[in-house]
Amino acid sequence: MAAAEAERPCLTDLPGELLELILCCDVLGAADIGRVACTCRRLREACQPRGKVWRERFRLRWPSLLKYYSHTDSVSWLEEYKARHNAGLEAQRIVASFSKRFFSEHVPCDGFSDIETLGCPSHFFEDELMCILNMEGRKGLTWKYYAKKILYFLRQQNILKNLKEYLQRPADQQSFLEGAVLIDQYCNPLSDICLKSVQAQVDEITDKVRKVLRTKNPRHPSVASKAGEILIPEVELQRQVLDAMNCVLYEQLKYKGNELDYYNSLNSYIHQVLIRRTGIPISLSVLYLTIARQLGVKLEPVNFPSHFLLRWCQGKEGSTDIFDYTYIDAFGKGKQLTVKECEYLIGHHVTEEFYGVVTSKEVLQRMVGNLLNLGKRESTDQSYQLLRDSLDLYLAMYPDNVQHLMLQARLYFHLGIWPEKVLDILQHIQALDPSQHGAVGYLVQHTLEHIERRKEEVGPEVKHRSDEKHKEVCFSIGLIMKHKRYGYNCVIYGWDPACMMGHEWIRNMNVHSLPHGPHQPFYNVLVEDGSCRYAAQENLEYNSEPREIPHPDIGRYFSEFSGTHYLANTELELRYPEDLELTCSTVQKIYSSGKE
């Protein structure tokens, strides 16, 4: 019997490959592997830091991070695991601290200072933020809110760095497509946009054009050549390329100018142009020009007023005569225009300078200028982000532009955010252009007053429902409501026993026409359209079909959606400590009785 026991094989007797396979099993955790490695030399060797076991443990825990490693890299997977784990703890600590630090104000410009000095790889930190954002269910809303803000900041900082590097390159190394992607990435930092992916989609279109060319002219040089390998000198061969491009883009793939929704910001983002197959003149021109150059046809961008165009040389290369060129309207299905037809397009005569070629930086300036104009046109809270992003991009290219610096200072002042940065901007403007002292002085004075008021704030105001002055307040924090007059759905995140707005607001909103006027409770509400409003009690009613409110600031105030109401986060609950009990009893009364 003893001999049989001695002969029974044990784990360490197994072949190395089989032993590794067992240790790579997904039911084992990192702690299990660590304990296994402490048992004997055989298992310690099987669990060596650079071996397959720790690599598999890393892959199972954080699969999206493997793209940062090459198969030829000699990596200590145990150390990488520890570094990623510690980065996760640090990310969680910072995210958790943001609500307490910045609940009462926007995250200030120096609020990210501890993130900028991280002692871990940035992609580890970002990966943890993405894990928080991808948490399932309706919980962790406040964590998700601040994780999103931090990730937004980190990615924009990195993209801005890439943009500045791009602008420092020689002009012949500045791809128009790459510039368009950088703008797209900066305005959509949480989207999965990369040059490699966009270029692959453009390459697919280019391959379709080659197939059409092959059927028309099997010996065409663009059929065999790789992207951008040659430039075709013969005009007729160039014409065949452009005809094939128009066939593929506008007939087969149905690309078109977005005339019905021209002022939609999606028309300016190159990845959306490829998805939706529509855009505005400049975004479609960048796509058209990129494909043409990959097929050996040199088209050049023309900063034509009101309608961006491309030009195609029909005469001597480099000619300064505008009549030696044919002008291409990518927005108009690749239509080829004469100088006179270009003027018909916009309805007036323009001088020769507007037919000249422009640099990649000037193309980006116009693209950003379009986004700036969209940001000014719109008035929703979300559009301020577009205006802020486009101003950042413009000032990255032209940091001493007084007009846009002043716009940025006024915007931050209007939003009541980053007063210290406003002062820095105003000081820079004054140094660049002393004639601005009047406007600068006004903003400096009011910004300093704002900073002083902020210093005088003693802490959050706490509102107890039990106070006699609050006895008329019927609704509570977190309830899903419906506006009786306008029909919008909203959630309450604050209340006052009477209207606290100034006389001008009360007059403009015609509050006195209400039966109870301003002398009734008013509620701060987050509305499903993304706006924040201040509604009178008599205009609100319980929502018979409560549902989530898709507002960007929902996580700033609430930690969870229960299915019938929102639960205030710690900071909001401190300000309304007695509301949760009323909210729960109200929900129980309204929705339970409805089910019965």
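Conventions we followed
- Residues numbered from 1 in each chain as written.
- Predicted model: local features only at pLDDT ≥ 70, side-chain atom pairs only at ≥ 80, totals over all residues.
- Heavy atoms only, no water.
- Helix = DSSP H or I, 4+ residues; strand = E, 2+ residues; numbered from the N terminus.
- Buried < 20%, exposed > 50% of the residue type's maximum accessible area, 1.4 Å probe, protein only.
- Contact = heavy atoms within 4.5 Å.
- Lys, Arg positive; Asp, Glu negative; His and termini not counted.
- Charge placed at Lys NZ, Arg CZ, Asp CG, Glu CD.
- Patch = residues over 30% accessible without salt bridge, like charges linked within 9 Å, V, L, I, M, F, W, Y side chains within 5 Å.
- Areas by Shrake-Rupley, 256 points an atom, 1.4 Å probe, with all protein chains shown as cover.
- Salt bridge = Lys/Arg side-chain N within 4 Å of Asp/Glu carboxyl O.
- Core = buried A, V, L, I, M, F, W, Y, C linked by side-chain atoms within 4.5 Å.
- Domains from an automatic or database assignment.
- Expected span 1.5 Å × (residues − 1).
- UniProt positions renumbered as here; feature names shortened; annotations may be inferred.
- Pairing = 2+ DSSP bridges.
- Axes fitted to C-alpha atoms, helices over the stretch in contact; angles between N-to-C directions.
- Disulfide = S-S within 2.5 Å.
- Parallel < 35°, antiparallel > 145°, perpendicular 65-115°, else oblique.
- Left-handed = near helix turned anticlockwise from the far one by under 90°.
- Nonpolar A, V, L, I, M, F, W, Y, C, P; charged D, E, K, R; others polar.
- Phe/Tyr/Trp six-rings, centres within 6.5 Å; stacked < 30°, edge-to-face > 60°.
- Lys NZ or Arg CZ within 6 Å of the ring centre and 35° of its normal.

Enquirer: Before we go on, may I ask you to explain the overall build of the protein in this structure?
Expert: Check the secondary structure of the protein and you find 25 helices and 13 strands. For the protein, the spread of C-alpha atoms along the principal axes amounts to about 100 × 85 × 60 Å. Per-residue burial over the protein gives 47% buried out of 596 residues. Considering only contacts in the protein between residues 6 or more positions apart, those separated by 24 or more positions represent 60%. One finds the centroid of the 70 positive side-chain charges in the protein at a distance of 3 Å from the centroid of its 78 negative side-chain charges.

Enquirer: Could you clarify how one ought to interpret a nonpolar patch on the surface in this entry?
Expert: Taken together, Leu 11, Leu 18, Leu 21 and Ile 22 make up a surface patch of nonpolar side chains, about 340 Å² in accessible area. With respect to the secondary-structure elements, Ile 22 resides in helix α2 (residues 16–23). Using a relative accessible area of 38% as the deciding quantity, one classes Ile 22 as partly exposed.

Enquirer: Where do I start with the nonpolar core in this structure?
Expert: In a soluble, globular protein the nonpolar side chains are often hidden away together inside. Formed by 70 residues in total, the largest nonpolar core has its most connected members in Leu 163, Ile 205, Met 245, Tyr 255, Tyr 288, Ile 291 and Leu 299. The residue makeup of this core includes at least three contributed by each of domain 1 (79–168) and domain 2 (177–364). The next biggest cluster of nonpolar side chains, apart from the first, holds 39 residues, and it includes Cys 24, Phe 98, Tyr 145 and Ala 147.

Enquirer: So what exactly am I meant to see when it comes to helix α13 (residues 235–252) here?
Expert: Counting along an α-helix, one turn takes 3.6 residues, and residues three or four places apart therefore face a common direction. Between its terminal C-alpha atoms α13 stretches 24 Å, which fits the 26 Å expected from 18 residues at 1.5 Å a residue. Regarding α13, the residues found buried are Leu 237, Gln 238, Val 241, Leu 242, Ala 244, Met 245, Asn 246, Val 248, Leu 249 and Tyr 250. Downstream of α13 by one or two residues, Lys 254 has phi in the positive range, about 65°.

Enquirer: Even after reading the chapter, I still don't get the UniProt feature "domain: Hemimethylated DNA-binding" (unreviewed entry) in the protein, so can you show me in this structure?
Expert: The sites that carry the UniProt feature "domain: Hemimethylated DNA-binding" (unreviewed entry) are, in the present numbering, residues 472–569. Within the segment residues 472–569, helix and strand shares are 10% and 34% respectively, and the terminal C-alpha atoms sit 25 Å apart.

Enquirer: Would you mind showing me how to read the sheet that holds strand β10 (residues 532–536) here?
Expert: The strands that make up a sheet pair up through hydrogen bonds in the backbone, lying either parallel or antiparallel. With respect to topology, 5 strands assemble into an open sheet ordered β10-β9-β8-β7-β11, the strand pairing being antiparallel. Of all strands in the sheet, those with a lone pairing partner are β10 and β11 (540–542), marking the two edges. Ignoring strand direction, the axes of neighbouring strands in this sheet form an average angle of 50°. Sheet topology note: the strand β8 (residues 489–496)/strand β9 (residues 522–527) ladder contains 6 bridges and is antiparallel. Residue pairing across strands places Ile 492 opposite Val 525, the latter belonging to β9.

Enquirer: Hey, could you run me through the sheet that holds strand β4 (residues 309–313) in this one?
Expert: Spatially, the 4 strands line up as an open sheet ordered β3-β4-β5-β6, and their pairing is antiparallel. Edge strands, defined here as strands with exactly one partner in the open sheet, are β3 (299–302) and β6 (335–337). Strand-to-strand, the axes of this sheet are offset by a mean angle of 35°, without reference to chain direction. When β3 meets β4, the two strands line up antiparallel, connected through 4 bridges. Its bridge partner being in β4, Glu 300 is matched across the sheet by Arg 311. Packed on one face of the sheet, helix α15 (residues 281–294) meets β3, β4 and β5 (325–329) and runs near 160° to β3.

Enquirer: Help me out: how do you make sense of the domain arrangement of the protein in this one?
Expert: Many structure descriptions define interface size as the accessible area lost when the parts assemble. You can read the domains of the protein as domain 1 (79–168), domain 2 (177–364), domain 3 (400–457) and domain 4 (479–592). On a C-alpha basis, the centroid separation for the pair domain 1 and domain 3 is 28 Å.

Enquirer: Can you walk me through unusual backbone geometry in this structure?
Expert: Apart from glycine, the bulk of residues carry a negative phi angle, and the bulk of peptide bonds sit in the trans form. Even without glycine at this site, Arg 277 takes up a positive phi of about 60°. As for its position among the elements, Arg 277 is in the loop between α14 (270–276) and β2 (278–279). Look at Arg 277 and you get partly exposed, because its relative accessible area is 34%. Not every positive phi belongs to a glycine, and Ser 306 is a case in point at roughly 70°. Exposure remark for Ser 306: the relative accessible area of 59% places this residue in the exposed category.

Enquirer: Could you clarify how one ought to interpret the state of the cysteines in this entry?
Expert: Formally, a disulfide is one covalent bond, and it connects the sulfur atom of one cysteine to the sulfur atom of another. Evaluation of the coordinates by the stated rule reveals 0 disulfides. Cysteine Cys 584 is unpaired, with the sulfur of Cys 474 as its nearest cysteine sulfur at 18 Å.

Enquirer: Which parts of the structure should I look at to understand the packing of helix α10 (residues 176–187) against helix α17 (residues 360–377)?
Expert: Between two packed helices, both the angle of their axes relative to each other and the distance between the axes serve to describe the pair. At a minimum axis distance of 10 Å, the contact between α10 and α17 shows a crossing angle of 30°. Considering the angle they form, α10 stands roughly parallel to α17. In the crossing of α10 with α17, the sense of the turn from one axis to the other is right-handed. From α10, Phe 176, Gly 179, Ala 180, Ile 183 and Cys 187 reach across to α17, where they touch Ser 360, Val 363, Leu 364, Met 367, Val 368 and Leu 371. Grouping the amino acids of the contact of α10 with α17 by side-chain chemistry returns 9 nonpolar, 2 polar and no charged.

Enquirer: Got a minute to help me understand the pairing of β9 in this structure?
Expert: Regular strands show a simple pattern: their side chains alternate between the two faces of the sheet. The buried fraction of β9 is high, at 5 of 6 residues. In terms of strand pairing, β9 meets β10 through 5 bridges, oriented antiparallel. Note on β10: the bridge partner recorded for Tyr 523 is Ala 535. Between β9 and β10, which pair antiparallel in sequence order, lie 4 residues; one of them, Gly 530, sits at a positive phi of approximately 95°.

Enquirer: When you look at the packing of aromatic side chains in this model, what are you seeing that I'm missing?
Expert: The geometry of an aromatic ring pair comes down to the distance between the two centres and the angle between the two planes. The final tally for this structure, using the stated rule, is 24 aromatic pairs. Judged by centre distance (6.4 Å) and plane angle (50°), the ring pair of Phe 58 and Phe 124 falls under tilted. One end of the pair, Phe 58, is in helix α5 (residues 52–61); the other, Phe 124, is in helix α8 (residues 122–133), with 66 residues separating them in the sequence. Judged on exposure class, the residue Phe 58 and its partner Phe 124 are both buried. Geometrically, the ring pair formed by Phe 475 and Tyr 542 is edge-to-face, given 5.2 Å between the ring centres and 75° between the ring planes. Placement of the pair is Phe 475 in the loop between α21 (437–456) and β7 (480–483) and Tyr 542 in strand β11, with a sequence separation of 67 residues. The class of Tyr 542 is partly exposed, set by a relative accessible area of 34%. Among the aromatic side chains, those forming a connected cluster through ring pairs are Trp 54, Phe 58, Trp 62, Tyr 69, Trp 77, Tyr 81 and Phe 124. The positively charged end of Lys 361 is found above the aromatic ring belonging to Tyr 398, 4.6 Å away from the centroid. Above the face of the Tyr 263 ring, Arg 377 is positioned so that its terminal group lies 3.9 Å from the ring centre.

Enquirer: Help me out: how do you make sense of the environment of Gly 315 in this one?
Expert: You can see Gly 315 is positioned in the loop between β4 and β5. Residue Gly 315 is classed as partly exposed on the basis of its relative accessible area of 40%. Sequence spacing of Gly 315 and Gly 530 is 215 residues, and the spatial spacing of their C-alpha atoms is 54 Å.

Enquirer: Looking at this structure, I do not really get a positive patch on the surface. What am I missing?
Expert: A cluster of basic residues, Lys 208, Lys 211, Arg 214 and Arg 277, forms a positive patch on the protein surface. Secondary-structure assignment places Arg 214 in helix α11 (residues 195–216). Residue classification places Arg 214 among the partly exposed positions, given a relative accessible area of 40%.

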